[in-house]
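Examining the three-dimensional arrangement
Each chain, written out:
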Protein chains: 2
Amino acid sequence: MNFTIRPATKADSNDMWRMIKELAIHEKKLDKVTLSYEEFEMDGFGQKPSFESFVAKVPEENKSKEGFTTVGVALYFYTYNSWKGRAVYLDVLYVMTEFRGFGIGKGLLSRVAKVAREKSCQIMELNVLGHNSQSRGFYAAHGAQDITVREGWHTQRFEEESLNKLAHNAP
Amino acid sequence: MNFTIRPATKADSNDMWRMIKELAIHEKKLDKVTLSYEEFEMDGFGQKPSFESFVAKVPEENKSKEGFTTVGVALYFYTYNSWKGRAVYLDVLYVMTEFRGFGIGKGLLSRVAKVAREKSCQIMELNVLGHNSQSRGFYAAHGAQDITVREGWHTQRFEEESLNKLAHNAP
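What you see is a predicted model, and the numbers here were worked out from it, not measured in a lab.

Examining the overall build of chain A
A count of helices and strands for chain A gives 6 helices and 7 strands. Along chain A, helices and strands appear, N-terminal first, in the series β-α-α-β-β-β-α-β-α-β-α-β-α. Whereas a compact globule of 171 residues would reach a radius of gyration of roughly 16 Å, chain A reaches 17 Å, a difference of no more than 12%. Along the first, second and third principal axes, the C-alpha set of chain A runs to 60 × 35 × 35 Å. Per-residue burial for chain A yields a buried fraction of 54% across its 171 residues. Pairs at least 24 apart in sequence give 59% of the contacts found in chain A among residues at least 6 apart. As displayed, chain A has an accessible area near 8,100 Å², and 49% of this comes from carbon and sulfur atoms.

Below, the structure written as structure tokens:
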């Protein structure tokens with residue numbers, strides 16, 4: 001199947017948000033989505049964007065059964081690692097189920113990798129659920145190391161309540 | 001012990017780099033540090049900084065046995081989470097061994113939490129080694145959830161060779 005990949009614009013934000021929610025449903029974590037569409041659109045395409053993104057498009061004749069031609073999304077931003085230097089974090093990589101197996105996911109991943117190298121980033125990281133063996137296999141096949149398994153890193157998260165409590169007591 | 005915490009400047013970069021290397025030695029991972037001091041200084045205090053940071057200082061009369069008065073560092077940057085919104089990632093939180101137990105680590109953590117809330121960030125994340133029960137206890141005591149344990153997230157990392165290969169084949 002033919003597809004094209006290009007940087008997303010504000011006009012893509014509806015399609016992107018639809019796919020982000022599809023991904024959350026797929027991972028049985030829709031209840032973890034506390035962001036609103038309006039916030040998402042502002043965060044991505046307002047005056048000071050918090051992320052960059054690519055979308056994958058198919059021709060009209062290959063549209064999905066619901067009529068969508070935007071069928072994949074990658075959302076990423078720049079991070080830092082005090083031991084390695086500049087880095088990219090890939091927060092979302094998603095291809096609609098009926099469009100898998102055509103290389104769209106690999107295409108999106110490769111475009112983000114290309115940006116990473118152009119910006120002199122040394123590493124690209126992302127997180128997957130441990131039980132998602134399909135995704136883990138996909139990333140491993142393209143050269144990713146599972147550093148949770150290899151080095152034993154554990155992610156700690158502070159959410160609103162604990163952040164507020166800490167902030168309130170800041171010296 | 002009295003201490004003060006303030007945003008770091010370029011003049012602090014030598015002290016910061018010294019403590020980043022101490023932390024790597026402490027975690028027995030000095031061989032993972034591939035960044036140079038010159039790159040670090042440029043990344044933090046050049047024209048387009050990749051991170052923000054705080055340092056903790058003690059009075060001259062409390063200097064370390066080697067004569068240092070800059071005894072703690074926090075290094076962080078802004079990230080994004082497509083389910084939660086804007087976020088902060090804390091890449092380094094370190095206090096020199098002989099200055100632990102005085103609340104300096106909590107002070108640094110609280111200042112970053114305060115920045116996070118001022119910038120409307122919903123979450124703050126960091127990574128610790130699974131076997132570092134002291135650090136895990138410290139973060140848990142201040143309200144962090146271990147999402148590697150709780151939700152089963154695994155971090156995947158692409159390094160230079162796999163990034164180059166992907167980038168080379170980008171559509």
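What follows continues from the structure just given.
Things to note about the relation of the copies chain B and chain A
Once chain B has been moved 0.0 Å along the axis and rotated by 180°, it coincides with chain A to within an RMSD of 0.0 Å. Each copy turns onto its partner about a two-fold axis. Closest approach to the rotation axis among the C-alpha atoms of chain B is made by threonine 79 of chain B, whose C-alpha sits 3.5 Å away. Here 100% of the contact residues of chain B are again contact residues in chain A; the copies associate through an equivalent surface.

Regarding the side chain of aspartate 12 of chain B
All names here are of chain B. Structurally, aspartate 12 can be placed in the loop between β1 (4–7) and α1 (13–26). Judged by its relative accessible area of 4%, aspartate 12 is buried. Those residues in contact with aspartate 12 that lie beyond four places of it in its chain are Arg6, Pro7 and Val55.

Topic: the interface of chain B and chain A
Counting residues at the interface gives 76 residues for chain B, matched by 76 residues for chain A. Of the roughly 7,500 Å² buried at the junction of chain B and chain A (both faces included), carbon and sulfur atoms supply 57%. When the buried surface of chain B facing chain A is broken down by residue, Tyr80, Trp83 and Arg157 of chain B rank first, second and third, together holding 13% of it. Measuring nitrogen to oxygen at the nearest pair gives 3.1 Å for the salt bridge that ties glutamate 160 of chain A to arginine 117 of chain B. At the boundary of chain B and chain A, one finds 39 residue pairs in polar contact (both at pLDDT 80 or more). Of the residues in the side of chain B that touches chain A, the class split is 34 nonpolar, 22 polar and 20 charged.

Some words on the environment of arginine 136 of chain B
Here arginine 136 of chain B lies in helix α4 (residues 133–141). C-alpha separation for the pair arginine 136 of chain B and aspartate 146 of chain B, spaced 10 residues apart in sequence, amounts to 8.3 Å. Setting aside residues no more than four positions away along its own chain, arginine 136 of chain B makes contact with His154 and Gln156 of chain A together with Val128, Leu129, Gly130, Asp146 and Val149 of chain B.

Some thoughts on the layout of surface pockets
Considering only enclosed or pocket space, the second largest pocket measures out at about 830 Å³ in volume. As for the second largest pocket, its lining consists of 24 residues, of which Pro49 and Tyr78 of chain A together with Lys48, Pro49 and Tyr78 of chain B are closest to the centre. If you list the elements that add at least two residues to the lining of the second largest pocket, you get β3 (70–81) and β4 (85–95) of chain A together with α2 (37–45) and β3 (70–81) of chain B. Considering only residue class, the lining of the second largest pocket consists of 11 nonpolar, 4 polar and 9 charged.

Quick word on the pattern of salt bridges
All names here are of chain A. Counting across every chain of the model gives 22 salt bridges over all chains. One salt bridge connects lysine 63 with glutamate 60, and the closest N-O pair in it is separated by 3.5 Å. A residue is classified by how much of its surface remains accessible, and lysine 63, at 42% relative accessible area, is partly exposed. Judged by its relative accessible area of 52%, glutamate 60 falls in the exposed class. Each of the salt bridges in this network shares a partner with another, and the network as a whole consists of Asp15, Arg18 and Glu22.

Some points on the sheet that holds strand β5 (residues 123–129) of chain A
Ordered in space as β1(A)-β2(A)-β3(A)-β4(A)-β5(A)-β7(B)-β6(A), the 7 strands form an open sheet in which the pairing is mixed. The outermost strands of the open sheet, each flanked by one partner alone, are β1 (4–7) and β6 (145–146) of chain A. Inspection of the sheet shows β5 of chain A paired to strand β7 (residues 153–158) of chain B by 6 bridges, in the antiparallel sense. The partner of valine 128 of chain A across the bridge, within β7 of chain B, is histidine 154 of chain B.

Examining the sheet that holds strand β5 (residues 123–129) of chain B
Ordered by their spatial adjacency, 7 strands build an open sheet running β1(B)-β2(B)-β3(B)-β4(B)-β5(B)-β7(A)-β6(B), and the pairing between neighbours is mixed. Lying at the two open borders of the sheet, with one neighbouring strand each, are β1 and β6 (145–146) of chain B. Taken together, the 3 bridges between strand β4 (residues 85–95) of chain B and β5 of chain B define a ladder with parallel strand orientation. Directly across from alanine 87 of chain B, in β5 of chain B, lies its bridge partner isoleucine 123 of chain B. Set on the sheet, helix α3 (residues 104–118) of chain B makes contact with β7 (153–158) of chain A together with β1, β2 (52–57), β3, β4 and β5 of chain B; between it and β4 of chain B the angle comes to about 160°.

Thoughts on helix α6 (residues 160–168) of chain A
Taken residue by residue, α6 of chain A has Ser162, Leu163, Leu166 and Ala167 of chain A as its buried positions. Seen along its axis, α6 of chain A keeps its buried residues to an arc of 130°; they face one direction. Counted as exposed and oriented over 90 degrees from the buried face of α6 of chain A: Glu161, Lys165 and His168 of chain A. As for α6 of chain A, its buried residues are in contact with β7 of chain A together with α3 and β5 of chain B.

Calculation criteria
- Residues numbered from 1 in each chain as written.
- Chains lettered and ligands numbered in written order.
- Predicted model: local features only at pLDDT ≥ 70, side-chain atom pairs only at ≥ 80, totals over all residues.
- Heavy atoms only, no water.
- Helix = DSSP H or I, 4+ residues; strand = E, 2+ residues; numbered from the N terminus.
- Rg over C-alpha atoms; globule rule 2.2 N^0.38 Å.
- Buried < 20%, exposed > 50% of the residue type's maximum accessible area, 1.4 Å probe, protein only.
- Contact = heavy atoms within 4.5 Å.
- Areas by Shrake-Rupley, 256 points an atom, 1.4 Å probe, with all protein chains shown as cover.
- Least-squares fit on C-alpha atoms with pLDDT ≥ 70 in both.
- Buried area = accessible area lost by both parts, 1.4 Å probe.
- Salt bridge = Lys/Arg side-chain N within 4 Å of Asp/Glu carboxyl O.
- Polar contact = N/O pair within 3.5 Å; in protein donor to acceptor, adjacent residues only side chain to side chain.
- Nonpolar A, V, L, I, M, F, W, Y, C, P; charged D, E, K, R; others polar.
- 1 Å grid on protein atoms, 1.4 Å probe; cavity = no way out; pocket = protein on both sides within 12 Å on 5 of 7 lines; lining within 4 Å.
- Points joined across faces, edges and corners; volume = space filled by probe spheres on them.
- Pairing = 2+ DSSP bridges.
- Axes fitted to C-alpha atoms, helices over the stretch in contact; angles between N-to-C directions.
- Arc of directions from axis to C-beta.

On their own, these measurements won't tell you what the molecule is for.
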